[in-house]
Amino acid sequence: MSYIQSLRFKLMRLCVVPLVSAAALFIAHSVIIAYQVRDMAARAGSAGDIAALDMSWIATQWAVVFAVMFVCFYIPITINIRHFIFPIRQLAREADKLAEGDVNMEIVKNRTDEIGILQQSLSNVVAASRAQ
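Residues numbered from 1 in each chain as written. Predicted model: local features only at pLDDT ≥ 70, side-chain atom pairs only at ≥ 80, totals over all residues. Heavy atoms only, no water.

### Concerning the overall build of the chain
Here's step 1: Counting its regular elements, the chain contains three helices and zero strands.
Here's step 2: Start at the N end of the chain and walk to the C end: the helices and strands fall as α-α-α.
Here's step 3: Looking at the chain as a whole, 23% of its 132 residues qualify as buried.
Here's step 4: A separation threshold of at least 6 residues defines the contact pool for the chain, and within that pool the share at least 24 residues apart is 69%.
Here's step 5: Per element, the accessible surface of the chain, about 9,200 Å² overall, is 66% carbon and sulfur. (Helix = DSSP H or I, 4+ residues; strand = E, 2+ residues; numbered from the N terminus. Buried < 20%, exposed > 50% of the residue type's maximum accessible area, 1.4 Å probe, protein only. Contact = heavy atoms within 4.5 Å. Areas by Shrake-Rupley, 256 points an atom, 1.4 Å probe, with all protein chains shown as cover.)

This is the structure:
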């Protein structure tokens, strides 16, 4: 597996796992709410006394589900952005500086994953450019 495919797999894994978890939570909670509504409707009677159903608790439960889903998505996406995208953007800025002819820069090599490999490669290119 190439480095780019490996990085893509890591990003996909970090995004898909929370998505599937949130979907499972959403479906499970939908089933629970459907059973609760059915039971409340049965207790209200078949005489059309739908006014006896208090739907505010359903809205509260949906608000809680949406809040949990938001947290399930927001945290992993934020981690992805900070952990993968920001370092790649920094490397792109440094590559642009190198393309403009600035060879007096130091590439910070602080990772051991695929981004660290890119940092090392760009550092080698800067060193080779200095040597010329």
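Now that the structure has been shown, the text picks up again.
### Describing the nonpolar core
Here's step 1: With eight residues, the main nonpolar core is built from F84, L91, L98, M105, I107, I115, L122 and V126.
Here's step 2: For this core, the elements supplying multiple residues, two or more each, are α2 (56–99) and α3 (114–131).
Here's step 3: With sequence-adjacent residues up to four places away left out, M105 is seen in contact with E94, K97, L98, V126 and R130. (Core = buried A, V, L, I, M, F, W, Y, C linked by side-chain atoms within 4.5 Å.)

### Some remarks on the environment of S21
Here's step 1: As for its placement among the helices and strands, S21 is situated in helix α1 (residues 3–44).
Here's step 2: Sequence spacing of S21 and F73 is 52 residues, and the spatial spacing of their C-alpha atoms is 9.7 Å.

### Observations regarding the environment of A92
Here's step 1: Following the sequence through the fold, A92 ends up in helix α2.
Here's step 2: Linking A92 and L122, residues 30 residues apart in sequence, is a C-alpha distance of 9.7 Å.

### Quick notes on the confidence of the model for the chain
Here's step 1: Taken residue by residue, the chain gives an average pLDDT of 75. The fraction at 70 or more is 77%.
Here's step 2: Of all the helices and strands in the chain, α1 carries the lowest mean pLDDT, 71, while α3 carries the highest, 86. (pLDDT = per-residue confidence, 0-100.)

### A few points about the pattern of salt bridges
Here's step 1: Tallied over the entire structure, the rule returns two salt bridges.
Here's step 2: With its nearest N and O atoms 3.4 Å apart, the salt bridge here joins R130 to E106. With R130 in helix α3 and E106 in the loop between α2 and α3, this residue pair connects regions lying 24 residues apart in the sequence.
Here's step 3: The class of R130 is partly exposed, set by a relative accessible area of 40%.
Here's step 4: With a shortest N-O distance of 2.6 Å, R111 and D113 are connected by a salt bridge. Per residue, the accessibility class of R111 equals that of D113, and both read buried. (Salt bridge = Lys/Arg side-chain N within 4 Å of Asp/Glu carboxyl O.)

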